[in-house]
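Each chain is listed here by its residues.
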Amino acid sequence: MGGTVTRVGVYLAHPRPGSFNHALFEAVVDELRGRGCEVRAHDLYAEGFQPALTAGETGTVAAAADADDPQLALYRAELATLDALVFVHPNWWGMPPAVLTGWVQRVLAPGVAYKLGSADGEPAGLLKAGRALVLNTSDTPEEREREEFGDPLQRIWAACVLPYVGVEDVRRLVLRTVTDSADDARAQWLRQARQEAAALLD
């Protein structure tokens, strides 16, 4: 990625205040702001983002119409200004929570995040953000996630979503197992999250 990372979007998808995902989100935002970044921080549940696509938003080729929803319009406009992205979410059924899946489907729209000449064509990414960090919490042991399930979140972010919109450098940190984890483990994970966030700026 060329250029300097100065503006970063950080997106949290966890509905429970006080969750470890919230602690990760706050640590990343604090780290990036402490390093002089302009951070656009969004707690998608707290902001009440509506994830369900409308009938008019289901196109994949023609550029999306201007959003009637002011919140959606803000997310789309802001996205074009970002140098890097950070997503913080748990692994739920091998998927991001519904609010973040809906954010992907509604915000990363044609003409906003990518362009496509035909339905079977190759997409051209439109985002200037060349780097992304995905922070996941999980209660599935690493070997089982890889051998039994094939690590679906890695496929979702690093193959299906982010390269499609032009993000070539996709980094991911999985913290496990989180439920009933000790305080010292959580403190170490928060330090790791800060380190990964800081590395986006290198």
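The structure presented is a predicted model; accordingly, all values stated were derived computationally and were not measured. In every chain, residue numbers begin from 1 and rise along the written sequence. In keeping with the predicted nature of the model, local features appear solely for residues at pLDDT of at least 70, side-chain atom pairs appear and are counted solely at 80 or more, and the whole-chain, interface and lining totals rest on all residues. Note that water and hydrogens are dropped before the side-chain values are worked out from all heavy atoms of the structure.

Draft legend 1. Quick peek at the side chain of arginine 76. With respect to the element layout, arginine 76 can be found in helix α2 (residues 70-79). Accessibility here uses a 1.4 Å probe with only protein chains present; expressed as a share of the type maximum, an area under 20% marks a residue as buried, one over 50% as exposed, and anything in between as partly exposed. For the charge count, each Lys or Arg is scored as positive and each Asp or Glu as negative, with His and the chain ends excluded. Salt bridge, as used here, is a side-chain nitrogen of Lys or Arg placed within 4 Å of a carboxyl oxygen of Asp or Glu. Buried and without a salt bridge, arginine 76 has glutamate 57 as its closest oppositely charged side chain, separated by 4.5 Å. Going along the chain from the N terminus, every DSSP run of H or I of four or more residues is numbered as a helix, and every run of E of two or more is numbered as a strand.

Draft legend 2. Summary view of unusual backbone geometry. Of the consecutive residues arginine 176 and threonine 177, the connecting peptide bond is found in the cis state with omega at -15°. In this structure, threonine 177 sits in the loop between β7 (169-176) and α6 (183-199). Of note in the backbone geometry, tryptophan 93 takes a positive phi value of approximately 60° without being a glycine. Relative to the assigned elements, tryptophan 93 resides in the loop between β3 (84-90) and α3 (98-107). The class of tryptophan 93 is exposed, set by a relative accessible area of 84%. Not every positive phi belongs to a glycine, and aspartate 180 is a case in point at roughly 65°. Inspection of the secondary structure assignment puts aspartate 180 in the loop between β7 and α6. Residue aspartate 180 is classed as exposed on the basis of its relative accessible area, which comes to 76%.

Draft legend 3. A look at the side chain of glutamate 78. Examined against the element boundaries, glutamate 78 turns out to sit in helix α2. Using a relative accessible area of 6% as the deciding quantity, one classes glutamate 78 as buried. In what follows, residue pairs with any heavy atoms lying within 4.5 Å of each other are defined as contacts. Those residues in contact with glutamate 78, other than ones at most four positions away along the chain, are Tyr11, Arg40 and His42.

Draft legend 4. Fine view of the pairing of strand β2 (residues 38-43). Sheet topology places strand β1 (residues 7-12) next to β2; six bridges connect them, and they run parallel. Note on β2: the bridge partner recorded for valine 10 is alanine 41. We call a crossover right-handed when, viewed with both strands directed away from the observer, the connection leading from the first strand over the helix to the second proceeds clockwise. Of the crossover connections in this fold, the one passing from β1 over helix α1 (residues 20-34) to the parallel β2 is right-handed. Pairing between strands is defined by DSSP: at least two bridges between them are needed.

Draft legend 5. Broad picture of the packing of α1 against α6. Angles here are taken between N-to-C directions and fall from 0 to 180 degrees, while the axes themselves are lines fitted to C-alpha atoms, restricted in helices to the stretch in contact. One can describe the packing of α1 onto α6 by two numbers: an axis separation of 9 Å at closest approach and a directional angle of 40°. By the criterion of interaxial angle, the relationship of α1 to α6 is oblique. In this structure, α1 meets α6 at a crossing whose hand is right-handed. Only Arg186, Trp189, Leu190, Ala193, Arg194, Ala197 and Ala198 of α6 make contact with α1, whose side of the interface consists of Phe20, Ala23, Leu24, Ala27, Val28, Asp30, Glu31 and Leu32. In what follows, roughly perpendicular refers to angles from 65 to 115 degrees, roughly parallel to angles under 35, roughly antiparallel to angles over 145, and oblique to any angle outside these ranges. For any pair of crossing helices, the crossing counts as left-handed if the nearer helix is rotated counterclockwise from the farther one by less than a right angle, and right-handed if it is rotated clockwise.

Draft legend 6. Looking closely at the nonpolar core. Only buried residues count toward a nonpolar core, which is a set of Ala, Val, Leu, Ile, Met, Phe, Trp, Tyr and Cys residues joined through side-chain atoms within 4.5 Å. Ranked by internal contacts, the top residues of the largest apolar core, which has 29 residues, are Leu79, Leu85, Phe87, Trp103, Leu108, Trp157 and Leu162. Here this core takes five residues from α3, the largest share from any one element. Contacts of tryptophan 103, omitting those with residues within four sequence positions, involve Tyr11, Leu44, Phe49, Tyr75, Leu79, Phe87 and Leu108. Judged by nonpolar contacts, the second largest core, of 24 residues, contains Val5, Phe20, Val29 and Val39.

Draft legend 7. Structural view of the sheet that holds β2. Taking strand neighbours across the sheet as the criterion, the five strands line up as β2-β1-β3-β6-β7 in an open arrangement whose pairing is parallel. The open sheet terminates on both sides in strands that have one partner only, identified here as β2 and β7. When strand polarity is set aside, the average angle formed by the axes of neighbouring strands in this sheet is 15°. Note that β1 and β3 share five bridges and pair parallel. By the bridge assignment, valine 8 is partnered in β3 with alanine 84. Helix-sheet contacts for α6 involve β6 (131-138) and β7, and the interaxial angle to β7 is about 175°.

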